[in-house]
Amino acid sequence: KRSTEREMLMAADVICTTCVGAGDPRLSNVRFTKVLVDECTQATEPECLIPIVMGAKQLVLVGDHCQLGPVVMCKKAAKAGL
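Just so you know, these numbers come straight off a predicted model, no measurement behind them. (Residues numbered from 1 in each chain as written. Predicted model: local features only at pLDDT ≥ 70, side-chain atom pairs only at ≥ 80, totals over all residues. Heavy atoms only, no water.)

Caption draft 1: Molecular detail of unusual backbone geometry. Here glutamate 39, not a glycine, exhibits a phi torsion of approximately 55°, which is positive. The topology assignment puts glutamate 39 in the loop between β1 (34-37) and α2 (45-52). (Helix = DSSP H or I, 4+ residues; strand = E, 2+ residues; numbered from the N terminus.)

Put into structure tokens, the structure is as follows:
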């Protein structure tokens, strides 16, 4: 199962995932050279950094600053500025 999964991931032209999902151990050997973050205004900076640090050479951030900002559930993190 894992070898089939790895083969599919390595053969894929496009992998769609959440920012946090990009940090899944099954994707640890995948380099995301082109990263598109949709609805980036609803994500926190640390979330967006996960796919970016995995080899991004090109980055596109798409979002509407007039929409809702990120939802931070942890009060301590919200007070710290996330």
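Next comes the rest of the account.
Caption draft 2: Spatial organisation of the pairing of β1. Alternating positions in β1 separate cleanly, Val35 and Val37 being buried on one face and Lys34 and Leu36 remaining unburied on the opposite face. Of the pairings in the sheet, the one linking β1 to strand β2 (residues 58-61) comprises four bridges and is parallel in character. Pairing of lysine 34 across the sheet is with glutamine 58, part of β2. Assessed by its sense of winding, the connection that carries the chain from β1 through α2 to β2 is right-handed. (Buried < 20%, exposed > 50% of the residue type's maximum accessible area, 1.4 Å probe, protein only. Pairing = 2+ DSSP bridges. Right-handed = clockwise from strand over helix to strand, strands pointing away.)

Caption draft 3: Structural context of the state of the cysteines. Here the structure, examined in full by the defined rule, presents zero disulfides. Lacking any disulfide linkage, cysteine 40 is separated from the closest cysteine sulfur, that of cysteine 48, by 6.0 Å. Judged by its relative accessible area of 11%, cysteine 48 falls in the buried class. (Disulfide = S-S within 2.5 Å.)

Caption draft 4: Expanded view of the pattern of salt bridges. Per the counting criterion, the structure on display carries two salt bridges. Glutamate 5 is paired through a salt bridge with arginine 26; the nearest N and O atoms lie 3.6 Å apart. On the criterion of sequence distance, the pair formed by glutamate 5 in helix α1 (residues 2-11) and arginine 26 in the loop between α1 and β1 is long-range, its members being 21 residues apart. Note on glutamate 5: relative accessible area 25%, which makes it partly exposed. Looking at arginine 26, the relative accessible area reads 39%, which means it is partly exposed. Note that aspartate 24 is salt-bridged to arginine 26, the shortest N-O span being 3.0 Å. Residue aspartate 24 is classed as partly exposed on the basis of its relative accessible area of 24%. (Salt bridge = Lys/Arg side-chain N within 4 Å of Asp/Glu carboxyl O.)

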